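Results of the structural survey
If you want the building blocks of each chain, they are given just below.
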Amino acid sequence: MPKKIVTLFLLLSVIVGRELFLDGSFATHDDLQVMRLFQMHMCLSDGQIPCRYLSEMGFGYGQPTFNYYSAFPYYLGAFFNLLNISYLTTVKLLYFLNLFLAGCFFYKFARSHLSSVASFIAASAFVLVPYRAVDIFVRGALAEITALTLLPLLLYSFYKLSKEPKLSNTLFSSVILFFFLTTHNLTTLISLPLIIVYLLYLCLKNTSSLKHSFLASSLGVGLSAFFLLPVLFERNLINMAGLTSGYLDFHSHFSSLSQLFFDLSWPFEAKPSAFIGVIPSIVLFTSPLTIYFSKKRILPILFLLLTLVFLFMSHAKSSFIWESLPFLSFVQFPWRFLGLVMFGSAFLAGFLLDAIPARFVKVSALVIFTVLLILFLPLTRFESHDYFATDSTILSGKSLVIQSGGGVADYLPVSSKKIPNKPSPQTPSTITGTADIKKFEKRTNYFVIDLEVFSASADVVIPLTYFPNWRVYPDGSLSPLPLTFDNQYGLITVIVPKGKHTLQGFFENTPLRQIGNTISIISLSIIILLYLRSKQTDA
């Protein structure tokens, strides 16, 4: 990629992301980013790899967040934490990287099909649109915006593979696919039509790359197995209704035509702006005419049709599709499809510029870029700042309690009959018998209890919601105690006999998770071996 393009997008990111350089924290709809990074760090420190269960979430009762929720951005954030970068600074850095890399990645993808100037405008149109501002400055949707940033890199990697079907490109595509698949489940789901259509287009143009594309896809999916298998096949272990009901019911979040094309308001309330932007609107209305007079039609037609479909899916007229395909209910917000409208309209903006006579290209590009920037700049602000916030203020006191209860119903284990609404007890308790709890320590995947039971036995309730496979071992035994969780919060309960005991609880893998982990390790091993082989071949 030309250095001047990288420099331009770096400068652009500094300008539009200027508030990320301010001290303190900022308000968004999802204010859990620091907490999730903190919990990911705790997971890795405890040796819970991959991270699945967060003991401090769910008001301290525990929650299997990363067994289901977007993992890759937080693993990436954990890497920055290893460099002694604070959690709060890491969150800002991740948002900034999304602004910068979105432009760079889209330029690489667009340059595969468009001229240099058109690719720059396409990439700028991908960065400077309202939906990106919504995701960063209003919703704080770190995982979703990261997935949208990775999408053009994923398509570019397969384009490069189709042009040069060799081992190094195959491995590159597999790794990028792994990043994408583990970043945001819902973006992965709704992006599949775009990815599949584009891959078919590439394969039809060069059938010799088919086996390499298949290998890259297999290795990418294999690497992601530790995450994908639980997401797909352990959904019965959590209360799925909490993900699709109430505020998260898709019926409440369709957008009208006026909201999509004419509503310039910028609310910070629960339902954000659905305006697709001035340039994307113009592009969508003029693309049919541009395509008609163009010699290169196939790819622009595909992108126009897909973009119109994605736009339709955000409108209430598509409700019959949502109701016919039950899995779409987990997308929750039909306006999520605007991220893909952003992608398609950006490519079409570049295509439109390439269709303009050469003598007008530079002037047109300057006008489009200027309009994009002027309209985007007012959107690049957070609703409010706490200039004195730090990791210690966010992760302590009342703030920590509030964050520990954030999204408490999202991944509620089915063992819990009631949604927690206050912090969990700090120590275990007994419901029958008498016992003295001398010590209780809790980590993300382990707890230890030292106690003395004075009665014949005691039913000891541990303040952790049961999720498979928590197991409790007494006094160094290799055989776990029978446990129950028949109470309102599904708390782990064990019967302990009279005497002094040390109970150790371990969060262990289910067979499915173990299979997923094994597939991921095997896939990683294959990638490493193939990489070493490719280096030897090149030498």
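Keep in mind that this is a model prediction, so the values were computed, not measured.

Here we come to the side chain of Ser318. By the element assignment, Ser318 lies in the loop between helix H14 (298–313) and helix H15 (319–324). A polar side-chain atom of Ser318 sits 3.2 Å from the main-chain carbonyl oxygen of Met313.

Per the counting criterion, the structure on display carries 1 disulfide. Note on cysteine connectivity: Cys43 is disulfide-linked to Cys51, with sulfurs 2.2 Å apart. In this structure, the disulfide formed by Cys43 and Cys51 twists by about 50° around the S-S bond and is classed as right-handed.

A separate point is the environment of Thr484. Examined against the element boundaries, Thr484 turns out to sit in strand S7 (residues 483–484). Exposure remark for Thr484: the relative accessible area of 45% places this residue in the partly exposed category. Along the chain, Thr484 and Ala346 lie 138 residues apart, while their C-alpha atoms are 54 Å from each other. Contacts of Thr484, omitting those with residues within four sequence positions, involve Leu491, Ile492 and Thr493.

We now examine the packing of aromatic side chains. Counted under the stated rule, the structure contains 46 aromatic pairs. Both rings, one in Phe303 and one in Phe343, keep their centres 6.2 Å apart while their planes meet at 15°; by these two values the pair is stacked. Of this pair, Phe303 sits in helix H14 while Phe343 sits in helix H16 (residues 338–354), placing them 40 residues apart in sequence. Among the aromatic side chains, those forming a connected cluster through ring pairs are Tyr53, Phe66, Tyr68, Tyr69, Tyr74, Tyr411, Phe440, Phe447, Phe467, Trp470 and Phe507. The ring of Phe172 has Lys160 lying over it, and the distance from NZ or CZ to the ring centre is 5.9 Å. Taking the ring centre of Tyr292 as reference, the NZ or CZ of Arg297 above it sits at 5.9 Å.

A separate point is a nonpolar patch on the surface. On the surface, a nonpolar cluster with roughly 490 Å² of combined accessible area is contributed by Leu524, Ile528, Leu529, Tyr531 and Leu532. Positionally, Leu524 belongs in helix H20 (residues 511–538). Its relative accessible area of 42% is what places Leu524 among the partly exposed residues.

What follows covers the packing of helix H10 (residues 210–223) against helix H11 (residues 225–233). Two elements in contact, H10 and H11, have axes separated by 5 Å at closest approach and are oriented at 70°. Here H10 lies roughly perpendicular to H11, going by the angle between them. Residues Val221, Gly222 and Leu223 of H10 form the contact with H11, whose own contacting residues are Ala225, Phe226 and Leu228. In the contact of H10 with H11, the residues fall into 5 nonpolar, 1 polar and no charged.

Along strand S5 (residues 446–465), 15 of the 20 residues are buried, which leaves the element largely enclosed by surrounding structure. Looking at chain direction, strand S3 (residues 429–432) and S5 are connected through 3 bridges and run antiparallel. Each bridged residue has a counterpart across the sheet, and for Thr430 the counterpart in S5 is Val460. In the sheet, strand S4 (residues 435–442) pairs with S5 via 7 bridges, with the strands oriented antiparallel. Residue Phe440 lies in a different strand from S5, and its bridge partner there is Ile449. Taking the residues between adjacent antiparallel strands as the criterion, S4 and S5 are bridged by 3 residues. Pairing of S5 with strand S8 (residues 491–507) involves 15 bridges; the strand directions are antiparallel. Bridge pairing in S8 places Phe447 opposite Gly505.

Viewed as axis vectors pointing N to C, helix H2 (residues 33–45) and helix H3 (residues 72–82) meet at an angle of 75°, and their least axial separation amounts to 9 Å. As judged from the angle between their axes, H2 and H3 are roughly perpendicular. On the side of H2, the interface is formed by Gln33, Arg36, Leu37, Met40, His41 and Leu44, while H3 contributes Tyr74, Tyr75, Gly77, Ala78 and Asn81.

Before going further, it helps to examine the pattern of salt bridges. Taken as a whole and judged by the stated rule, the model has 12 salt bridges. When the shortest N-O distance is used, the salt bridge between Lys438 and Asp436 registers 3.1 Å. Owing to a relative accessible area of 31%, Asp436 belongs among the partly exposed residues under this scheme. Salt bridges linked by common partners bring Asp135, Arg139, Glu144 and Arg336 together as one network.

Okay, unusual backbone geometry next. In this chain, Ile49 is followed by Pro50 through a cis amide linkage whose omega measures 0°. Along the polypeptide, Pro50 turns up in the loop between H2 and H3. Here Phe59, not a glycine, exhibits a phi torsion of approximately 60°, which is positive. With respect to the element layout, Phe59 can be found in the loop between H2 and H3. You can call Phe59 buried: its relative accessible area is 15%. In this model, Asn84 sits at a positive phi of 65°, which is unusual for a non-glycine residue. In this structure, Asn84 sits in the loop between H3 and helix H4 (87–111). Here Asn84 falls in the exposed class, since its relative accessible area comes to 73%.

Conventions we followed
Residues numbered from 1 in each chain as written. Predicted model: local features only at pLDDT ≥ 70, side-chain atom pairs only at ≥ 80, totals over all residues. Heavy atoms only, no water. Helix = DSSP H or I, 4+ residues; strand = E, 2+ residues; numbered from the N terminus. Polar contact = N/O pair within 3.5 Å; in protein donor to acceptor, adjacent residues only side chain to side chain. Disulfide = S-S within 2.5 Å. Buried < 20%, exposed > 50% of the residue type's maximum accessible area, 1.4 Å probe, protein only. Contact = heavy atoms within 4.5 Å. Phe/Tyr/Trp six-rings, centres within 6.5 Å; stacked < 30°, edge-to-face > 60°. Lys NZ or Arg CZ within 6 Å of the ring centre and 35° of its normal. Patch = residues over 30% accessible without salt bridge, like charges linked within 9 Å, V, L, I, M, F, W, Y side chains within 5 Å. Areas by Shrake-Rupley, 256 points an atom, 1.4 Å probe, with all protein chains shown as cover. Salt bridge = Lys/Arg side-chain N within 4 Å of Asp/Glu carboxyl O. Axes fitted to C-alpha atoms, helices over the stretch in contact; angles between N-to-C directions. Parallel < 35°, antiparallel > 145°, perpendicular 65-115°, else oblique. Nonpolar A, V, L, I, M, F, W, Y, C, P; charged D, E, K, R; others polar. Pairing = 2+ DSSP bridges.

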